[in-house]
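Overview (structure and organization)
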Amino acid sequence: SYRKGGYHAVRIGDQFAGGRYIAQRKLGWGQFSTVWLAYDTRTSTYVALKIQKSALQFAQAAIHEIELLQAAADGDPENTKCVVRLIDDFKHAGPNGQHLCMVLEFLGDSLLRLIKYNRYKGMELGKVREICQCILTGLDYMHRELGMIHSDLKPENILLCSTIDLAKDPIRSGLTPILEKPEVNQNGTATMNLIEKKLKRRAKRAAAKISGRRVSIVGLSETPTKTKRNLDGIDMRCKVVDFGNACWADNKFAEEIQTRQYRAPEVILQSGYSFSVDMWSFACTAFELATGDMLFAPKDGNGYGEDEDHLALMMELLGKMPRKIAIGGARSKDYFDRHGDLKRIRRLKYWPLDRLLIDKYKLPEAEAREFADFLCPIMDFSPEKRPTAQQCLQHPWLNLTTQNNENDIEGQMSNLQVEG
Ligand code: ATP
Ligand code: MG
Ligand code: MG
């Protein structure tokens, strides 16, 4: 992908926008871009620099993404609405072409990384609640105030405002930014704290070559324990990112939207969609945070495809789809017969959400019921019946705080004991 029309290769210390931004380390990448931690010499802060691939279709996608991000920034001068902030944008010419670049506020790890960090064990509901509050604030803003559908909500596209590994957070760890291209120096340590794990070995070798001696690197070691990690002290505020697939509700351009596991039934059936597709993805995300498992992970099988399996999984959890809805989409005939039964998957094993949370995930009954009462209406097969983000924000489940405090404290104590 590092060829004409593709990614722009970046070295630590590279300058952008006439020297204003200096690349520090890679933060991530996607199908469209690489994202770098950069130091903004004008404001003396760290920012995330998203450098788009250069080919025409990527440039057009970036123009669209910038338009939506700009509208989101304009409508939220106080930056309190839980969507990532666009700071600047510019073009950068490189050997692979001209790349549109977005400068975004620097955020922390994605919720996907948080789920992995927690070893797919699921998080305390108190933490899930805090995260849900932020996501819903972001969605309410996008839907009601901006008229935008995100179309790709999932754990990967929600970033914490803080980082899990504090040592990797340049702001909190107080590391000095790299202001020029680093020559690996004699002691070889100054810039190494900023280098990603993968690059460490290479950097170490280079440093040893120059200095003629072995170089030690201060790194974080992962504790090999099977218990849940202690997430105390991690602020669960987060923001919605990646507006690359977002659209104006009155100017939709794609039929097939959303990442498979978070895709709403009306998208599969092609019966038209609106804001409530994001609500469906939100419910899938909330479940995943609480349990560590994806809510729906469809697979193709003997004589049926992924779509049909997906519809079957939905009905096993939520009950039979009303016939009118089942047969109402442009693609309904591919999956349903005229009675509204699946064509190839005939026997469904019903396992409602509250029972699933109790039986499989061992949640206490009361907690499971409350959580299921919050989530189930959001997964109504009828898109118009789903509560809006604004309505969800009023739900009692989100406002249950004091009652669970004592449980939380007990949870923390047992964590401390297990981890020694
Ligand atoms: P996709 O294929 O998902 O559309 P993309 O090329 O549009 O990818 P993003 O999803 O915007 O790129 O970003 C890729 C990754 O970069 C993210 O998953 C995240 O790890 C990191 N990242 C993006 N924005 C930020 C930010 N503001 N702060 C910190 N890290 C970020
Ligand atoms: Mg993404
Ligand atoms: Mg994208």
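Residues numbered from 1 in each chain as written. Chains lettered and ligands numbered in written order. Predicted model: local features only at pLDDT ≥ 70, side-chain atom pairs only at ≥ 80, totals over all residues.

1. A closer look at the overall build of the protein
Each helix and strand counted, the protein has 14 helices and ten strands in total. In the protein, 65% of the contacts between residues at least 6 apart in sequence involve partners at least 24 apart. (Helix = DSSP H or I, 4+ residues; strand = E, 2+ residues; numbered from the N terminus. Contact = placed C-beta atoms within 7 Å.)

2. A short note on the sheet that holds strand E1 (residues 15–16)
Judged by pairing direction, the sheet is antiparallel, and its six strands sit side by side in the order E1-E2-E3-E4-E6-E5 without closing on themselves. Bordering the open sheet on either side are E1 and strand E5 (86–94), each of which pairs with just one other strand. Sheet topology note: the strand E3 (residues 33–40)/strand E4 (residues 45–52) ladder contains eight bridges and is antiparallel. Counterpart to Ser33 in the pairing with E4 is Gln52. (Pairing = 2+ DSSP bridges.)

3. As for the UniProt feature "binding site: ATP" (unreviewed entry) in the protein
As recorded in UniProt, the sites labelled "binding site: ATP" (unreviewed entry) are Lys50. Judged by the 30 C-beta atoms lying within 10 Å of it, Lys50 is buried. Discounting chain neighbours no more than four positions away, the residues touching Lys50 are Ser33, Val35, Cys101, Met102 and Leu104. (UniProt positions renumbered as here; feature names shortened; annotations may be inferred. Buried ≥ 20, exposed ≤ 12 C-beta atoms within 10 Å, placed from the backbone.)

4. Comments concerning helix H12 (residues 365–375)
Looking at H12, one finds that the buried residues are Ala368, Phe371, Ala372, Phe374 and Leu375. Buried residues in H12, looked at end-on, bunch into an arc of 155°, giving them a common side. Opposite the buried face of H12, by more than 90 degrees, sit the exposed residues Glu365 and Ala366. Tucked into the core, H12 has its buried residues touching helix H3 (125–146), helix H7 (276–291) and helix H11 (353–359). (Arc of directions from axis to C-beta.)

5. Things to note about the nonpolar core
With 97 residues, the main nonpolar core has Ala38, Leu49, Ile131, Ile135, Ala283, Ala286 and Leu375 as its most contacted residues. Ignoring sequence-local partners within four residues, the contact set of Leu375 consists of Ala283, Ala286, Phe287 and Leu353. (Core = buried A, V, L, I, M, F, W, Y, C linked by C-beta atoms within 7 Å.)

6. As for the site of ligand 1
Surrounding ligand 1, one finds 21 residues, the nearest of these being Gly28, Gly30, Phe32, Val35 and Ala48. Only strand E2 (21–29), E3, E4 and strand E6 (97–105) provide two or more residues apiece to the shell around ligand 1. If one sorts the elements of the shell around ligand 1 by residue count, E2 sits on top with three residues. Its residues assigned to classes, the shell around ligand 1 comprises eleven nonpolar, six polar and four charged. (Near = placed C-beta within 6 Å. Nonpolar A, V, L, I, M, F, W, Y, C, P; charged D, E, K, R; others polar.)

7. Describing the pairing of E6
Strand residues, when the strand is regular, have side chains that alternate between the two faces of the sheet. Pairing of E4 with E6, which is carried by five bridges, proceeds in the antiparallel orientation. Residue pairing across strands places Ala48 opposite Leu104, the latter belonging to E6. Here eight bridges tie E5 to E6, and the two strands are oriented antiparallel to one another. By the bridge assignment, His92 is partnered in E6 with His99. Counting the residues that bridge the hairpin from E5 to E6 gives two residues.

8. Quick look at the confidence of the model for the protein
Summing up the model confidence of the protein, the mean pLDDT is 87 and the portion of residues at 70 or higher is 82%. Across residues 217–226, confidence stays below pLDDT 50; counting only partners more than four residues off in sequence or on other chains, it has eight contacts. This model gives residues 402–420 a pLDDT under 50, and the stretch forms eleven contacts once residues within four places in sequence are excluded. (pLDDT = per-residue confidence, 0-100.)

9. Structural notes on the environment of Ser1
Topologically, Ser1 is positioned in the segment before E1. Looking at Ser1, the number of C-beta atoms within 10 Å reads 10, which means it is exposed. In the structure, Ser1 is positioned 52 residues away from Lys53 in sequence and 8.7 Å away in space, judged by C-alpha atoms. For Ser1, the residues in contact, after removing those within four places along its chain, are Gly6 and Tyr7.

10. With respect to H3
Each full turn of the α-helix corresponds to 3.6 residues, which orients residues three or four apart in the same direction. Compared with an ideal rise of 1.5 Å per residue, which puts 22 residues at 32 Å, H3 spans 30 Å between its outermost C-alpha atoms and is within 8% of the ideal. Phi for Gly147, located one or two positions after H3, is positive at around 75°. (Expected span 1.5 Å × (residues − 1).)

11. A few points about the environment of Arg346
Within the secondary structure layout, Arg346 lies in the loop between helix H10 (332–335) and H11. Spatially, the C-alpha atom of Arg346 lies 9.0 Å from that of Ala312, the residues being 34 residues apart in sequence.

12. A look at the pairing of E3
In terms of burial, E3 is largely enclosed, as seven of its eight residues are buried. Bridging between E2 and E3 involves seven bridges; their strand directions are antiparallel. Note that in E3 the partner of Gly28 across the bridge is Val35. Hairpin remark: E2 followed by E3, antiparallel, with three residues in the connecting loop.

13. Comments concerning the packing of H3 against H7
Between H3 and H7, the shortest axis-to-axis distance is 10 Å and the interhelical angle comes to 160°. Between H3 and H7, the angle is such that the two are roughly antiparallel. Regarding H3 and H7, the two cross each other, and that crossing is right-handed. Of the residues in H7, those in contact with Leu125, Val128, Ile131, Cys132, Ile135 and Leu139 of H3 are Asp278, Phe282, Thr285, Ala286, Leu289 and Ala290. Its residues assigned to classes, the contact of H3 with H7 comprises ten nonpolar, one polar and one charged. (Axes fitted to C-alpha atoms, helices over the stretch in contact; angles between N-to-C directions. Parallel < 35°, antiparallel > 145°, perpendicular 65-115°, else oblique. Left-handed = near helix turned anticlockwise from the far one by under 90°.)

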